[in-house]
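Here is what each chain is made of, one letter per residue.
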Amino acid sequence: MNLPTDQNLSTIIKERHSVRKYDPTYKIPKKEIENILDEATQAPSSSNLQAWRFIVIEDQNIKKELRQIANNQESVETSSAVIAVLGDTEMYKNVDKIYGMNVEAGFMDQATRERMVSNTMNTYPHAPKETRESIANFDAGLVSMQLMLIAKSKGYDTVTMGGFNKQQFIEKFDVPERYVPIVLIAIGKSAGPSFQTTRLPLNEVAKFI
């Protein structure tokens, strides 16, 4: 994949819209979804703890069941796959591995690693779960947006769905307590017009001082 120029990145951003009708006969190859996820996880995250996890649902029968959990949204069943984005509220438990990988890659020396690990373990485990869940939600938003833009650059459409029964999802997919379901992203080939929207003018949402 060629690196995007400012011009074609702007085009991707402007052309990405929510699509709710998909061609049910089109299936994105598993390797392509893996590539999209791999690129998406280059997104930034709090302390580089990468508090995101994914469940990729491709099986048609499971998607039919998921549709009922997701308020009967058609895109769940007709898309090529549904990517469930989860947040890891115990993200700090991966700190040794992550910073160890940074040292092995030559991005960090051992002293910096030890300092970062110490800072993380002195902070995150003692924060309320609600705080850690908020961090995970924020990081999941970053990776989700990156995922959707990468998908669009490869010719696929997406829609995010926050309207689903999270408790039923947890029970259906046996989600461990440390993880929280955040959003479902349907991905596939559009079979209908995208959902066009407007935006508030910049002078109503931005202030320069």
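So, here's what we can say about the structure.

Conventions adopted
Residues numbered from 1 in each chain as written. Predicted model: local features only at pLDDT ≥ 70, side-chain atom pairs only at ≥ 80, totals over all residues. Heavy atoms only, no water. Salt bridge = Lys/Arg side-chain N within 4 Å of Asp/Glu carboxyl O. Helix = DSSP H or I, 4+ residues; strand = E, 2+ residues; numbered from the N terminus. Buried < 20%, exposed > 50% of the residue type's maximum accessible area, 1.4 Å probe, protein only. Patch = residues over 30% accessible without salt bridge, like charges linked within 9 Å, V, L, I, M, F, W, Y side chains within 5 Å. Areas by Shrake-Rupley, 256 points an atom, 1.4 Å probe, with all protein chains shown as cover. Lys, Arg positive; Asp, Glu negative; His and termini not counted. Charge placed at Lys NZ, Arg CZ, Asp CG, Glu CD. Pairing = 2+ DSSP bridges. Axes fitted to C-alpha atoms, helices over the stretch in contact; angles between N-to-C directions. Contact = heavy atoms within 4.5 Å. Core = buried A, V, L, I, M, F, W, Y, C linked by side-chain atoms within 4.5 Å.

Per the stated rule, a full pass over the model turns up nine salt bridges. With a closest N to O distance of 3.3 Å, glutamate 74 and lysine 21 form a salt bridge. Of this pair, glutamate 74 sits in helix H4 (residues 74-78) while lysine 21 sits in the loop between helix H1 (6-15) and helix H2 (30-40), and the two are 53 residues apart along the sequence. For lysine 21, a relative accessible area of 45% translates into the label partly exposed. The salt bridge partner of arginine 178 is aspartate 88, with a shortest N-O separation of 2.8 Å. Remark: aspartate 88 occurs in strand E2 (residues 81-88) and arginine 178 occurs in the loop between helix H8 (166-172) and strand E4 (179-188); sequence separation between them is 90 residues. The two residues arginine 178 and aspartate 88 agree in class, both being buried. Salt bridges linked by common partners bring Arg53, Asp88 and Arg178 together as one network.

Another point: a negative patch on the surface. Residues Glu34, Asp38, Glu58 and Asp59 make up a contiguous surface patch of negative charge. One can find glutamate 34 in helix H2. Classification of glutamate 34 as partly exposed rests on a relative accessible area of 37%.

Relative to the assigned elements, glutamate 130 resides in helix H7 (residues 129-153). In this structure, the C-alpha to C-alpha distance between glutamate 130 and proline 201, residues 71 residues apart in sequence, is 34 Å.

Right, let's talk about unusual backbone geometry for a bit. Even without being glycine, serine 47 reaches a positive phi, approximately 55°. With respect to the helices, strands and loops of the structure, serine 47 is situated in the loop between H2 and strand E1 (52-57).

Strand pairs in the sheet, formed through backbone hydrogen bonds, run parallel or antiparallel to each other. Taken in spatial order, the four strands line up as E1-E2-E4-E3 in an open sheet, and their pairing is antiparallel. Single-partner strands in this sheet number two, and they are E1 and strand E3 (157-161). In this sheet, neighbouring strand axes are inclined to one another by 25° on average, regardless of whether the strands run parallel or antiparallel. Where E2 lies against E4, eight bridges are found, and the strand directions are antiparallel. Bridging from a neighbouring strand, alanine 84 pairs with leucine 184 of E4. Where H7 meets the sheet, its contacts fall on E1, E2, E3 and E4, and the angle it forms with E4 comes to roughly 10°.

Moving on, we come to the nonpolar core. Within the largest apolar cluster, 22 residues are counted, with the highest numbers of intra-cluster contacts made by Ile36, Ile83, Leu147, Ile185 and Ile187. For this core, the secondary structure elements donating two or more residues are H2, E2, H7 and E4. Excluding residues that lie within four positions of it along the chain, isoleucine 83 makes contacts with Ile33, Leu37, Phe54, Ile55, Val56, Leu147, Val183, Leu184, Ile185 and Ile187. Ranked by size, the runner-up nonpolar core spans 19 residues in total, among them Ile57, Ala70, Val175 and Tyr179.

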